[in-house]
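# Breakdown of the fold
Spelled out, the chains give:
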Amino acid sequence: SQTIHQWPATLVQPVGSPLSLECTVEGTSNPNLYWYRQAAGRGLQLLFYSVGIGQISSEVPQNLSASRPQDRQFILSSKKLLLSDSGFYLCAWLGSGAETQYFGPGTRLLVL
Amino acid sequence: KNEVEQSPQNLTAQEGEFITINCSYSVGISALHWLQQHPGGGIVSLFMLSSGKKKHGRLIATINIQEKHSSLHITASHPRDSAVYICAVMGTYKYIFGTGTRLKVLA
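Report on the accompanying structure.

We now examine the nonpolar core. Counting 22 residues, the largest nonpolar core has Ile 19, Leu 32, Trp 34, Leu 72 and Tyr 85 of chain B as its most contacted members. Broken down by secondary-structure element, the contributors of at least two residues to this core are β3 (19-25), β4 (31-37), β5 (43-49), β7 (59-64), β8 (69-74), β9 (83-90) and β11 (101-106) of chain B. Excluding its chain neighbours within four sequence positions, the residues that come into contact with Ile 19 of chain B are Leu 11, Ala 13, Leu 72, His 73, Ile 74, Ser 77, Leu 103 and Val 105 of chain B. Core analysis: the second largest hydrophobic core is formed by 20 residues, Cys 23, Trp 35, Ala 66 and Phe 74 of chain A among them.

This part is about the side chain of Asp 85 of chain A. All names here are of chain A. By the secondary structure assignment, Asp 85 is in the loop between β8 (73-78) and β9 (87-94). Residue Asp 85 is classed as buried on the basis of its relative accessible area, which comes to 3%. In this view, Asp 85 contacts Arg 37, Asn 63, Leu 64, Lys 80, Leu 109 and Val 111; residues no more than four positions away in its chain are not counted.

This part takes up the environment of Ile 43 of chain B. Turning to its location among the elements, Ile 43 of chain B is positioned in strand β5. Classification of Ile 43 of chain B by relative accessible area gives buried; the value is 6%. With 40 residues separating them in the primary sequence, Ile 43 of chain B and Ala 83 of chain B have C-alpha atoms 10.0 Å apart. Ile 43 of chain B has contacts with Leu 44, Leu 90 and Phe 103 of chain A together with Leu 35, Gln 36 and Gln 37 of chain B, leaving out every residue within four places of it along the chain.

The rules we used
- Residues numbered from 1 in each chain as written.
- Chains lettered and ligands numbered in written order.
- Predicted model: local features only at pLDDT ≥ 70, side-chain atom pairs only at ≥ 80, totals over all residues.
- Heavy atoms only, no water.
- Core = buried A, V, L, I, M, F, W, Y, C linked by side-chain atoms within 4.5 Å.
- Buried < 20%, exposed > 50% of the residue type's maximum accessible area, 1.4 Å probe, protein only.
- Helix = DSSP H or I, 4+ residues; strand = E, 2+ residues; numbered from the N terminus.
- Contact = heavy atoms within 4.5 Å.

By themselves, these observations are geometric and do not establish any function.
Below is the structure:
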């Protein structure tokens, strides 16, 4: 069966520090992968999606970047965190039939 | 105006009540999803709809493609149903989300 992992689960970082969040998927190959952010009290916002290795589409201009170095690995990064980067970050993959997305457990990021 | 609108934004109900959450959308879709987000943040998919009606336990979801509207119903609500319910429409490989309905069911 397919499983999606995210780490870390919780992260507290100072403003200006770098960020690396990792997402890996098991049990499937060549998945479409997604990074979402949910700011406090707000809805989910799509940040990036990837249809294959090295292929990244950005949905909104921002302080973050994404990379897909391997088929089942999706990384969210920042060189210098801002206070506004605080939020709950979710990774997801698109299931077969391209109709359902499955979400990881999320990473809660607090930038101080 | 958001492409996916949900109502109400917040809902408090007494245990046992019948609950309805509505979702309207303005874009073409291949499917509509109802998601449930628990207080810890984890998200699970409840239903995927492209037409008609689906039922799973005490949950019922309906969709009217012509009217671009979907409803999620919870029968005999229970405190464990307390969560944020999110409507999401699937376009080309991408979800567009509603802002969610925060449901609290009181014992």
